[in-house]
Amino acid sequence: MNKFPIQPQGALLTESFEPAAANGLINRRQLLSLGLKSATIAGSASMLSSTTSAQSAALEIPAWSKTPGPGSSDYGSPSSFTNAKRMAGNPNPLYPGGGASRSPLHQLQGSITPSGLHFERHHAGTPAINPAGHKLVINGLVNRPLSFDYEDLLQYPMISRVHFLECSGNSGALFGDDAPDGSAQSIHGLVSCSEWTGIKLSSLLEEAGISSSATWVSAVGADAASMGRSLPIDKALDDVMLALFQNGEPLRPEQGYPMRLFVPGWEGNVSVKWLTQLKVTNAPSQFRDETSKYTDTLKNRKSRQFTFPMDVKSIITSPSGQMKLSRQGLYELTGIAWSGGGRITQVEVSADGGKTWAMAEIDSQLGEKALARFRIPWNWNGGEAVLQSRATDSSGIIQPTRDALVAAKNQINYRPFYHYNAIQSWAVNRNGEVSNVYA
Ligand SMILES: Nc1nc2c(c(=O)[nH]1)N[C@H]1C(S)=C(S)[C@@H](COP(=O)(O)O)O[C@H]1N2
Ligand SMILES: [Mo]
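Here the structure is a predicted model, which is why all the values come from computation and not from measurement.

### Considering the overall build of the chain
Along its length, the chain carries seven helices and 26 strands. Within the chain, buried positions represent 50% of all 439 residues. Partitioning the contacts of the chain with sequence separation of at least 6, the portion at a separation of at least 24 is 74%. Accessible surface, the chain as shown: approximately 20000 Å² in total, 53% of it carbon and sulfur.

If you want it as structure tokens, here you go:
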């Protein structure tokens, strides 16, 4: 199998530009002005390779223009000529229904992940829940314990928010000593972004009447993993929601149908799917998934617990690992950036392994703690390059280098490692082949 089967997106042909940083990075405004110019001279010479091939093609009427296609359908699916698919993890997981599948980040655009391509992480598979038989209970340190049916919950006022969700194990392979071979999908595909609609958790907790001694809320899922996580009450009353809809339709079974907790900006594990119980407490419940897992063991063998926020991070999705640049010239370099600390305020890009940086354009960012799409033109001169992106968030925190992150984590050599958010380096060789490297 070809190790470099994937073509980069947004490939353009062009002349020369004023550099924004070394090794071919170009100010986007220059490209936009050139785009306008080329539109006025279309027909003679154009920067777009697609225009050139369109000109040379004969005016032949294709078969699909001659007969009507099938009529409407009850639920749409992607064109059969596209091939974006989730990448399943270990087909034989250590425990039944365990494992994950990863979003095809290198094939996606914009800042919303299609629901069918949202990453999945299950600890005991996807339960087939009939909402008619599912209940959500709120109990513990409350004045009125409550029990809700799905239909009851649909009566509540709702909010819609665009947020990313990232597994804290995402990119964890990069803690290893040797840079693994891989793609944006295989290394970083445990992050996705949706519009989530649901009920503010604070309104349900207020209805139950939380006691003044309450400091934590424990959430439990209805799957066979009996996933449980404890959240500080301040966060629970802040921006947490009981999500019922994803990208406008009821949650997909893989994302927690009929309901999940959604905890913006925090490690994916706390967004408990198939939610069935919220227990208000005055201490964390010390569930399995917050003691033996999702903790960080330090070199002195103490373990850090409750590492909740996902730190500022970005990756270039095109060109990215296992792609091959088929020709020299201009490419649109693009990627995603996100932070559990708020908005992305800037993304810088380097083509020389971090010696010089240029500012990318943030093209789409639909909310706080949401994926941002960045873009910058890059002219590949056929030589070696190391492509990097470095994001800054609204609290002023800058994405660290790998060396800085590994030193700060100060962990013993034990897998899995969580919360990897260092700068990603993609090396381009003289054949145009793109690989994951440590720079
Ligand atoms: N009930 C339950 N909730 C769960 C899980 C699970 O296995 N069971 N997996 C958690 C983990 S580790 C992550 S990263 C996210 C993944 O959400 P997704 O599958 O919708 O992407 O759900 C979390 N919530
Ligand atoms: Mo996770």
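### Quick look at the confidence of the model for the chain
Interpreting fine coordinate detail is not advised for predicted regions of low pLDDT. Looking at the chain as a whole, the pLDDT averages 91, with 89% of positions reaching at least 70. Per-element mean pLDDT across the chain ranges from 52 in helix H2 (residues 49–56) up to 99 in strand E12 (residues 241–246). Contacts for the low-pLDDT stretch residues 36–51, under 50 throughout, to residues beyond four places or in other chains number twelve contacts.

### Looking at helix H7 (residues 402–409)
Of all the residues in H7, the buried ones are Arg402, Leu405 and Lys409. Angular distribution of buried residues about the axis of H7 spans 65 degrees; they occupy a single face of the element. Among the exposed residues of H7, those oriented more than 90 degrees off its buried face are Asp403, Ala407 and Ala408. Among the residues trailing H7, Asn410 stands out with phi positive, at a value near 55 degrees.

### Regarding the sheet that holds strand E3 (residues 87–88)
One open sheet holds the three strands; their spatial order is E3-E4-E5, and the pairing between them is antiparallel. Across the chains shown, the open sheet's two edge strands, defined by having one partner strand only, are E3 and strand E5 (120–122). Strand direction decides the pairing type here: strand E4 (residues 99–102) and E5, joined by three bridges, are antiparallel. When the sheet's bridge partners are listed, Gly99 is paired in E5 with His122.

### Points about the site of ligand 1
Lining the immediate surroundings of ligand 1 are 21 residues, of which Phe119, His123, Asp223, Arg260 and Lys273 lie closest. Between ligand 1 and His118 there is a distance of 3.3 Å, counted from an oxygen atom to a side-chain nitrogen or oxygen. One nitrogen or oxygen atom from the side chain of Gln255 is found 3.1 Å from an oxygen atom belonging to ligand 1. Expressed as a share of its isolated accessible area of 540 Å², the protein-covered part of ligand 1 is 100%.

### Digging into the nonpolar core
Ranked by internal contacts, the top residues of the largest apolar core, which has 45 residues, are Leu25, Leu333, Val349, Trp378, Leu387 and Val428. Apart from the residues lying within four places of it in its own chain, the contact partners of Val349 are Leu25, Ile316, Leu333, Thr356, Trp357, Ala358, Ala360, Phe374, Ile376, Gln388 and Ser389. Among the nonpolar cores identified, the runner-up in size contains 34 residues, and Leu153, Ile233, Leu244 and Trp266 belong to it.

### Section: the pairing of strand E20 (residues 344–350)
Burial analysis of E20 places five of its seven residues in the buried class, the great majority of the element. Bridge count for E20 against strand E24 (residues 385–393) is six bridges, and the pairing is antiparallel. Of the residues in E24, the one forming a bridge with Gln346 is Thr392.

### Focus on the packing of aromatic side chains
Geometrically, a pair of aromatic rings is defined through the distance of the ring centres and the angle of the planes. Under the criterion given, the structure shown has eleven aromatic pairs. Ring plane angle 85 degrees and centroid distance 5.0 Å describe the contact between Phe175 and Tyr420, whose orientation is recorded as edge-to-face. Residue Phe175 is located in the loop between strand E8 (159–166) and helix H4 (184–188), and its partner Tyr420 is located in the loop between H7 and strand E25 (425–428); the two are separated by 245 residues in the primary sequence. The class of Phe175 is buried, set by a relative accessible area of 9%. Judged by relative accessible area, Tyr420 falls into the buried class, the value being 4%. Clustering of aromatic rings is evident, with ring pairs tying together Trp216, Trp266, Phe306 and Phe308. Over the aromatic face of Trp357 sits the side chain of Arg390, whose NZ or CZ is 4.0 Å from the ring centroid. Note that Arg402 overlies the ring of Tyr438, its terminal NZ or CZ placed 3.6 Å from the centroid.

Reading the values: rules and limits
Residues numbered from 1 in each chain as written. Chains lettered and ligands numbered in written order. Predicted model: local features only at pLDDT ≥ 70, side-chain atom pairs only at ≥ 80, totals over all residues. Heavy atoms only, no water. Helix = DSSP H or I, 4+ residues; strand = E, 2+ residues; numbered from the N terminus. Buried < 20%, exposed > 50% of the residue type's maximum accessible area, 1.4 Å probe, protein only. Contact = heavy atoms within 4.5 Å. Areas by Shrake-Rupley, 256 points an atom, 1.4 Å probe, with all protein chains shown as cover. pLDDT = per-residue confidence, 0-100. Arc of directions from axis to C-beta. Pairing = 2+ DSSP bridges. Near = heavy atom within 4 Å. Polar contact = N/O pair within 3.5 Å; in protein donor to acceptor, adjacent residues only side chain to side chain. Core = buried A, V, L, I, M, F, W, Y, C linked by side-chain atoms within 4.5 Å. Phe/Tyr/Trp six-rings, centres within 6.5 Å; stacked < 30°, edge-to-face > 60°. Lys NZ or Arg CZ within 6 Å of the ring centre and 35° of its normal.

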